[in-house]
Amino acid sequence: MAKFELKLPKMGESVAEATLTNWLKEVGDTIEADEAVLEIATDKVDSEVPSEVDGVLVEKLFDVDDVVQVGQTIAIIETEGGADETPKTENISKATADSTPEQAVKEVEKQFEAAKQETHTPIENTGDRFYSPLVKNIAAAEGISQAELDGISGTGKDGRVTKNDILAYVENRSSAKTVAPAQAAATTAPAAPAAKEAPKAKTPISVNGGDEIIEMSRMGKLIAHHMVESVQTSAHVQSFVECDVTNVWNWRNKVKASFAKREGENLTFTPIFMEAVAKALKDFPMMNIAVDGDKIIKRKNINLGMAAALPDGNLIVPVIKNADQLNLLGMSKAVNDLAVRARENKLKPDDIQGGTYTVTNVGTFGSIMGTPILNQPQVGILALGAIRKVPAVIETPEGDFIGIRYKMFLSHSYDHRVVNGALGGQFVKRVADYLEDWDVNREI
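Now for a description of the structure that goes with this document.

The rules behind the values
Residues numbered from 1 in each chain as written. Predicted model: local features only at pLDDT ≥ 70, side-chain atom pairs only at ≥ 80, totals over all residues. Heavy atoms only, no water. Helix = DSSP H or I, 4+ residues; strand = E, 2+ residues; numbered from the N terminus. Buried < 20%, exposed > 50% of the residue type's maximum accessible area, 1.4 Å probe, protein only. Areas by Shrake-Rupley, 256 points an atom, 1.4 Å probe, with all protein chains shown as cover. Salt bridge = Lys/Arg side-chain N within 4 Å of Asp/Glu carboxyl O. Phe/Tyr/Trp six-rings, centres within 6.5 Å; stacked < 30°, edge-to-face > 60°. Pairing = 2+ DSSP bridges. Axes fitted to C-alpha atoms, helices over the stretch in contact; angles between N-to-C directions. Polar contact = N/O pair within 3.5 Å; in protein donor to acceptor, adjacent residues only side chain to side chain. Contact = heavy atoms within 4.5 Å. Patch = residues over 30% accessible without salt bridge, like charges linked within 9 Å, V, L, I, M, F, W, Y side chains within 5 Å. Lys, Arg positive; Asp, Glu negative; His and termini not counted. Charge placed at Lys NZ, Arg CZ, Asp CG, Glu CD.

**Observations regarding the overall build of the chain**
Broken down by element type, the chain carries eleven helices and 18 strands. Expressed as a percentage of its 444 residues, the buried residues of the chain come to 38%. Accessible surface, the chain as shown: approximately 25000 Å² in total, 53% of it carbon and sulfur.

Printed below as a string of structure tokens:
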């Protein structure tokens with residue numbers, strides 16, 4: 001009999017860890033290749049981890065709610081024949097049996113240290129100390145503990161630890177390890193203030209007998225954390241443009257029946273808006289950027305995030321990759337596919353990775369405009385308001401008159417650290433121009 005180590009697979013760009021949410025198999029259960037063994041959750045997507053082999057589950061190495069790093073062994077599956085891939089605990093026993101006592105002790109210590117590194121506790125924000133996702137990822141990659149990170153003096157705003165701070169700490173870490181513990185503490189720890197500042201007292205919330213206390217869901221907690229982090233990171237400002245979409249409205253009404261008959265799915269307004277946004281991003285590439293400390297990353301690809309509400313009220317943002325390379329038919333197929341899989345909780349982790357700009361349709365729920373929060377590290381997000389039939393002044397060569405038009409508000413939130421008002425306003429105006437100049441004779 002051989003033993004196979006089931007590891008947490010790579011799940012897309014920038015995904016370094018996942019939370020184990022449910023075991024689908026118990027110890028002793030028979031498993032077939034490609035059969036799901038457990039369920040995991042990343043920031044916003046739930047997924048299953050299948051077995052790569054046929055066999056029997058003999059050991060679980062993590063419990064529900066544990067955080068697992070990509071590449072870590074989650075479970076041991078016993079298979080028929082082949083080389084024996086024994087887990088580390090058996091390797092330790094083997095080492096002690098086949099070696100001299102001194103060698104066995106060294107081998108055990110070595111493997112124990114390796115195991116400690118693998119089960120490194122994830123970094124959390126503590127008290128008033130806030131750590132960016134980049135700093136957390138560097139800490140995890142370098143095996144820096146929570147205590148070590150809390151002891152690093154930050155040079156960022158409000159003493160925040162920056163990328164340069166943690167990289168400098170990593171650089172000096174090997175030499176610091178040779179210093180005596182007392183000296184190391186004196187060198188790395190910031191000077192203690194004369195009087196320790198008392199922690200800020202939270203305002204107590206009174207709960208009456210008839211009130212209901214509802215525990216936030218895992219996804220709800222993550223979204224709340226990301227929203228607060230985004231507001232703390234970026235200087236949010238907004239620009240608003242009213243857009244006449246009468247041509248778009250009339251054109252869609254003319255072609256939607258034939259499109260549904262030919263393609264077997266509906267033509268919604270979303271792909272039309274997405275196409276206009278992708279064109280505007282090509283015209284204004286400095287809206288298709290990300291901020292990393294004091295550096296600006298200009299994205300090569302235009303990957304549009306499409307915010308979608310789930311049945312449970314939470315939000316998810318699947319991404320249309322290389323949106324500027326799609327024609328309207330391709331855009332419509334991509335939008336419908338992601339929307340359906342989002343509603344059915346069938347999105348994969350890679351489906352929500354790599355977005356460079358986000359669009360959210362607040363008009364779906366009747367809002368005429370909104371001020372959305374940035375999806376970090378992006379620097380812009382566009383809210384689409386409800387389309388309304390309104391009286392409007394229409395200019396013609398013969399003079400002005402009042403007519404009925406279909407109009408909507410486009411609300412553009414952007415990061416004022418790197419996007420000034422001129423760029424933010426010109427971008428959203430260009431989106432409106434593409435929609436107002438829509439060709440009513442266009443073929444799809």
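Moving on, there is more to tell.
**Digging into the pattern of salt bridges**
Taken as a whole and assessed by the stated rule, the structure comprises 18 salt bridges. A salt bridge links Asp 244 to Arg 405; its shortest N-O distance comes to 2.9 Å. A residue pair is termed long-range when its members are at least 10 positions apart, and Asp 244 in strand 9 (residues 236–244) and Arg 405 in strand 18 (residues 399–415) qualify at 161 residues. Look at Arg 405 and you get partly exposed, because its relative accessible area is 22%.

**Some details on the packing of aromatic side chains**
Counted according to the given criterion, the structure contains five aromatic pairs. When the centroid spacing of 6.1 Å and the interplanar angle of 15 degrees are considered together, the rings of Phe 269 and Phe 273 count as stacked. Assessed through its relative accessible area of 17%, Phe 269 is described here as buried. The exposure class assigned to Phe 273 is buried, which follows from its relative accessible area of 3%. With a centroid separation of 5.3 Å and an interplanar angle of 55 degrees, the aromatic rings of Tyr 357 and Phe 427 are classed as tilted. Remark: Phe 427 occurs in helix 11 (residues 421–436) and Tyr 357 occurs in strand 15 (residues 357–360); sequence separation between them is 70 residues.

**So, the sheet that holds strand 5 (residues 46–50)**
Taken together, the four strands give an open sheet; going across it, the order is 5-4-2-7, and neighbouring strands pair in antiparallel fashion. Edge strands, defined here as strands with exactly one partner in the open sheet, are strand 5 and strand 7 (67–69). Across the sheet, the mean angle separating the axes of adjacent strands is 45 degrees when strand polarity is ignored. Direction of pairing for strand 4 (residues 36–41) relative to strand 5: antiparallel, over a ladder of five bridges. Bridged to Ile 40 within strand 5 is Ser 47.

**Here's the deal with the sheet that holds strand 1 (residues 2–7)**
The sheet built from four strands is open, its strands ordered 1-8-6-3 with antiparallel pairing. What marks the edges here is a single partner per strand, and that holds for strand 1 and strand 3 (30–31). Both strand 3 and strand 6 (residues 55–60) contribute to a ladder of two bridges, which runs antiparallel. Directly across from Ile 31, in strand 6, lies its bridge partner Gly 55.

**Quick word on the side chain of Asp 244**
According to the relative accessible area criterion, Asp 244 is buried, its value standing at 17%. Of note is the side chain of Asp 244, whose polar atom sits 2.9 Å from the side chain of Arg 405. Not counting the four nearest positions on each side in its chain, Asp 244 is found in contact with Arg 405, Tyr 406, Lys 407, Leu 435 and Glu 436.

**Let's talk about the pairing of strand 8 (residues 73–79)**
Within strand 8, six of the seven residues are buried, leaving the element largely enclosed by the surrounding structure. Here strand 1 runs beside strand 8; their pairing, made up of six bridges, is antiparallel. Within the sheet, the bridge partner assigned to Leu 6 lies in strand 8 and is Ala 75. Note that strand 6 and strand 8 share four bridges and pair antiparallel. Its bridge partner lying in strand 8, Val 56 is registered against Glu 78.

**Topic: a negative patch on the surface**
On the surface, Glu 32, Asp 34, Glu 52 and Asp 54 cluster together into a negatively charged patch. Checked against the element boundaries, Glu 52 lands in the loop between strand 5 and strand 6.

**Details of the environment of Val 291**
Relative to the assigned elements, Val 291 resides in strand 10 (residues 289–292). Looking at Val 291, the relative accessible area reads 18%, which means it is buried. A sequence separation of 127 residues divides Val 291 from Val 418, and the C-alpha atoms of the two residues are 8.0 Å apart. Those residues in contact with Val 291, other than ones at most four positions away along the chain, are Pro 377, Val 379, Asp 415, Arg 417 and Val 418.

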